[in-house]
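Summary of structural features
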Amino acid sequence: QVQLVESGGGLVQAGGSLRLSCAASGRSFSFYTWGWFRQAPGKDREFVSAVTGSGTYYADSVKARFTISRDNAKNTLDLQMNSLKPEDTAVYYCAVRRTAGNIYSRAAVYEYWGQGTQVTVSS
């Protein structure tokens, strides 16, 4: 089975930076789509960023501030978050999909999920 473990969350002040990491292990290390989602209490889970075999994608709310990257050899995914805002506060989840496809921003297309890591940004 596949296991995803996120790390790197924490408490920072507005304008600060954090780097999240996601490590994959288990039955398969070959994934086409890697994504980050976030969810604040009482709110829907929302797309943050994804990287696929075809490109890199960001939600409008994080463009120019966040950078996604992956290391296929190590089966890891990172999210560098700069210029953080209080509205970025949420639990951040890593997710992966094995097969190719045109959809990357909908949670339903992902097959495996991590447990999440908390990011809190104070004003």
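All of the points below concern the structure found in this document. (Residues numbered from 1 in each chain as written. Predicted model: local features only at pLDDT ≥ 70, side-chain atom pairs only at ≥ 80, totals over all residues. Heavy atoms only, no water.)

**A few points about the overall build of the protein chain**
Along the backbone of the protein chain there are zero helices and eleven strands. Principal-axis analysis of the C-alpha atoms gives the protein chain an extent of 40 × 30 × 25 Å. Across the 123 residues in the protein chain, those meeting the buried criterion constitute 41%. Within the protein chain, residue pairs in contact and separated by at least 24 positions form 59% of the contacts whose partners lie at least 6 positions apart. (Helix = DSSP H or I, 4+ residues; strand = E, 2+ residues; numbered from the N terminus. Buried < 20%, exposed > 50% of the residue type's maximum accessible area, 1.4 Å probe, protein only. Contact = heavy atoms within 4.5 Å.)

**Details of the packing of aromatic side chains**
Under the counting rule described, the total for this entry stands at seven aromatic pairs. Between the aromatic rings of F37 and Y110, the centroid separation amounts to 5.2 Å while the plane-to-plane angle is 80°, which identifies the pairing as edge-to-face. Here F37 is found in strand 4 (residues 33–39), whereas its partner Y110 is found in the loop between strand 9 (90–97) and strand 10 (112–113), with 73 residues between them in sequence. Accessibility assignment for this pair places F37 and Y110 in one class, buried. (Phe/Tyr/Trp six-rings, centres within 6.5 Å; stacked < 30°, edge-to-face > 60°.)

**Here we look at the side chain of T117**
By secondary structure assignment, the location of T117 is in strand 11 (residues 117–122). Within the structure, T117 has its side chain in polar contact with the backbone nitrogen of G9 (distance 3.2 Å). (Polar contact = N/O pair within 3.5 Å; in protein donor to acceptor, adjacent residues only side chain to side chain.)

**Re the side chain of Q80**
By secondary structure assignment, the location of Q80 is in strand 8 (residues 76–81). Q80 has contacts with S17, L18, R19, R65, F66 and T67, leaving out every residue within four places of it along the chain.

**Here we look at the pairing of strand 1 (residues 2–7)**
Side chains of strand 1 alternate between two faces, with V2, L4 and E6 buried and Q3, V5 and S7 left unburied. Direction of pairing for strand 1 relative to strand 3 (residues 18–26): antiparallel, over a ladder of six bridges. Bridge pairing in strand 3 links Q3 to S25. (Pairing = 2+ DSSP bridges.)

Read these as geometric descriptors, not functional statements.
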